[in-house]
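# Structural characterization, general
If you want the building blocks of each chain, they are given just below.
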Amino acid sequence: MKTLQVGETAPQFTLNNQADMPVSLVEFKGKKVLIYFYPKAFTPGCTTQACGLRDAKNELEKLGVVILGISPDSPKKLAQFVEKKALNFTLLSDETHQVAEQFGVWGEKKFMGRTYDGIHRISFLIDEQGKIQQVFDKFKTGEHHQVVLDYLQSL
């Protein structure tokens, strides 16, 4: 697994959102985009992380940032996640984990003595020109939104 690094160009992609409609990264050219990869909707850590971003969305928007969450969940499951947790940003379905692989966040994981392939919880801040401005890979799920905000406010 080779995770993309600061300064590299973000891969262009199109994935279906929670409404099963295509969304492309190119639509956000000229804006900062926080792309956060998470393993699975409705799990405790992913729910905590999503709700933190939901609650920080207005602050992130004031700093010019759009939020896109990506997981291997189906659009139908993403729609349920958005509805049940009142999420106010776009979630994208990467069922084939093709985009996760392009960003270098799909790979071997260990959990409770079991080894399997899955998404690593890593976020990328993409700048207005489509370059990776920052990689967030060391955070607790409940603090993810604050780590991103602290970084943006330090600029």
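Residues numbered from 1 in each chain as written. Predicted model: local features only at pLDDT ≥ 70, side-chain atom pairs only at ≥ 80, totals over all residues. Heavy atoms only, no water.

Labelled according to an unreviewed UniProt entry, the protein chain appears under the name thioredoxin-dependent peroxiredoxin, originating from Rodentibacter mrazii. Recorded in UniProt under Sequence similarities (unreviewed entry), the annotation for the protein chain is "Belongs to the peroxiredoxin family. BCP/PrxQ subfamily." A UniProt comment under Catalytic activity (unreviewed entry) is attached to the protein chain, and it reads "a hydroperoxide + [thioredoxin]-dithiol = an alcohol + [thioredoxin]-disulfide + H2O". (UniProt positions renumbered as here; feature names shortened; annotations may be inferred.)

Okay, the UniProt feature "active site" (unreviewed entry) in the protein chain next. When the UniProt feature table is mapped onto this chain numbering, "active site" (unreviewed entry) sits at Cys46. Along the chain, Cys46 falls in helix 1 (residues 44-62). Judged by its relative accessible area of 1%, Cys46 is buried. Leave out the neighbours within four places in its chain, and Cys46 touches Tyr38, Pro39, Lys40, Phe81 and Arg121. (Helix = DSSP H or I, 4+ residues; strand = E, 2+ residues; numbered from the N terminus. Buried < 20%, exposed > 50% of the residue type's maximum accessible area, 1.4 Å probe, protein only. Contact = heavy atoms within 4.5 Å.)

Moving on to the environment of Lys29. Secondary-structure assignment places Lys29 in the loop between strand 2 (22-24) and strand 3 (32-37). Among the residues examined, Lys29 registers a relative accessible area of 61% and is labelled exposed. Residues contacting Lys29, with those up to four places away along its chain left out, are Glu128 and Gln129.

Attention shifts here to helix 4 (residues 144-153). Regarding helix 4, the residues found buried are His144, His145, Val148, Leu149, Tyr151 and Leu152. The buried residues of helix 4 all sit within an arc of 160 degrees when viewed along its axis, so they share a single face. Taken together, the buried residues of helix 4 touch strand 3, helix 1, strand 4 (65-71), strand 8 (123-126) and strand 9 (132-136). (Arc of directions from axis to C-beta.)

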